[in-house]
Amino acid sequence: MTEQEQTDQTFMKLALEQGQLAYDAGEVPVGAVVVLDGQVIGRGYNKPITSLDPSAHAEVVALRDAALNIGNYRLSKAVLYVTVEPCTMCSGLLVHSRIARLVYGTTEPKSGVIESAMCLLDQPFYNHKIEISGGVLAKEASTLMSEFFSMRRAGKKKLKKATQTL
């Protein structure tokens, strides 16, 4: 394993910890960390439900935290580690914040726009290019998502059964 792969796994584990916080809060378990010069400068996890904010995706929360921590909305030398492939909104944010590199865990077949539903960041009209690495600790990220949705489906079945017996 290369030094870069080891570094990516180390920071992805921190993003997975953020994803677990989302899971524990009943949110879709996506977590993110922003790293600059080997230091975490921003953390975030999905919280649109608990914060009543549809834009509170893990990436948005982490990038806002990072920008506040360094006092600049441009994060041009930073790396974003996120457990799940970003959506359209978040990919636009990556361009506007000037993130240097995106590292994500698992793909998101329905709404991921880095490689799944489309390759949005490859479009020629963007004035900023981002280095991309996918599949880092993909199994762990995918497992966290699968467990969450399995638990959620089981809860809905239990509720449905309970209301049918009334």
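Just so we're clear, the structure is a prediction, and the values are computed from it rather than from any experiment.

1. Brief notes about the overall build of the chain
Okay, so step 1: Helix and strand counts for the chain come out as five helices and five strands.
Okay, so step 2: Moving toward the C terminus, one meets the helices and strands of the chain in the order α-β-β-α-α-β-α-β-β-α.
Okay, so step 3: Taken against the 2.2 N^0.38 rule, which gives 15 Å for 166 residues, the C-alpha radius of gyration of the chain at 17 Å falls within 12% of a compact globule.
Okay, so step 4: Taken along its principal axes, the extent of the C-alpha atoms in the chain is 60 × 35 × 30 Å.

2. Focus: the pairing of strand 3 (residues 79–84)
Okay, so step 1: In terms of burial, strand 3 is a largely internal element, six of the six residues being buried.
Okay, so step 2: Looking at chain direction, strand 1 (residues 31–36) and strand 3 are connected through four bridges and run antiparallel. Bridging across to strand 3, Val35 finds its partner in Val79.
Okay, so step 3: The sheet contact formed by strand 3 and strand 4 (residues 101–106) spans five bridges and is parallel. Bridging across to strand 4, Val79 finds its partner in Arg101.

3. Topic: the sheet that holds strand 5 (residues 131–134)
Okay, so step 1: Here five strands make up an open sheet; going across it, the order is 2-1-3-4-5 and the pairing mixed. The open sheet has two free edges, formed respectively by strand 2 (39–45) and strand 5, since each of these has just one partner strand. Averaged over all pairs of adjacent strands, the angle between their axes in this sheet comes to 15°, without regard to strand direction.
Okay, so step 2: With six bridges joining them, strand 1 and strand 2 adopt antiparallel strand pairing. In the strand pairing of strand 2, Ala32 is matched with Gly44.
Okay, so step 3: Contacts from helix 3 (residues 58–70) reach strand 1, strand 2 and strand 3 within the one sheet, and its direction differs from that of strand 2 by about 140°.

4. Thoughts on the pattern of salt bridges
Okay, so step 1: For the structure shown, the criterion picks out three salt bridges.
Okay, so step 2: Here the salt bridges do not stand alone but share partners, grouping Asp8, Arg101 and Glu131 into one network.

Cut-off values and rules
Residues numbered from 1 in each chain as written. Predicted model: local features only at pLDDT ≥ 70, side-chain atom pairs only at ≥ 80, totals over all residues. Heavy atoms only, no water. Helix = DSSP H or I, 4+ residues; strand = E, 2+ residues; numbered from the N terminus. Rg over C-alpha atoms; globule rule 2.2 N^0.38 Å. Buried < 20%, exposed > 50% of the residue type's maximum accessible area, 1.4 Å probe, protein only. Pairing = 2+ DSSP bridges. Axes fitted to C-alpha atoms, helices over the stretch in contact; angles between N-to-C directions. Contact = heavy atoms within 4.5 Å. Salt bridge = Lys/Arg side-chain N within 4 Å of Asp/Glu carboxyl O.

In short, shape yes, function no, at least from these values alone.
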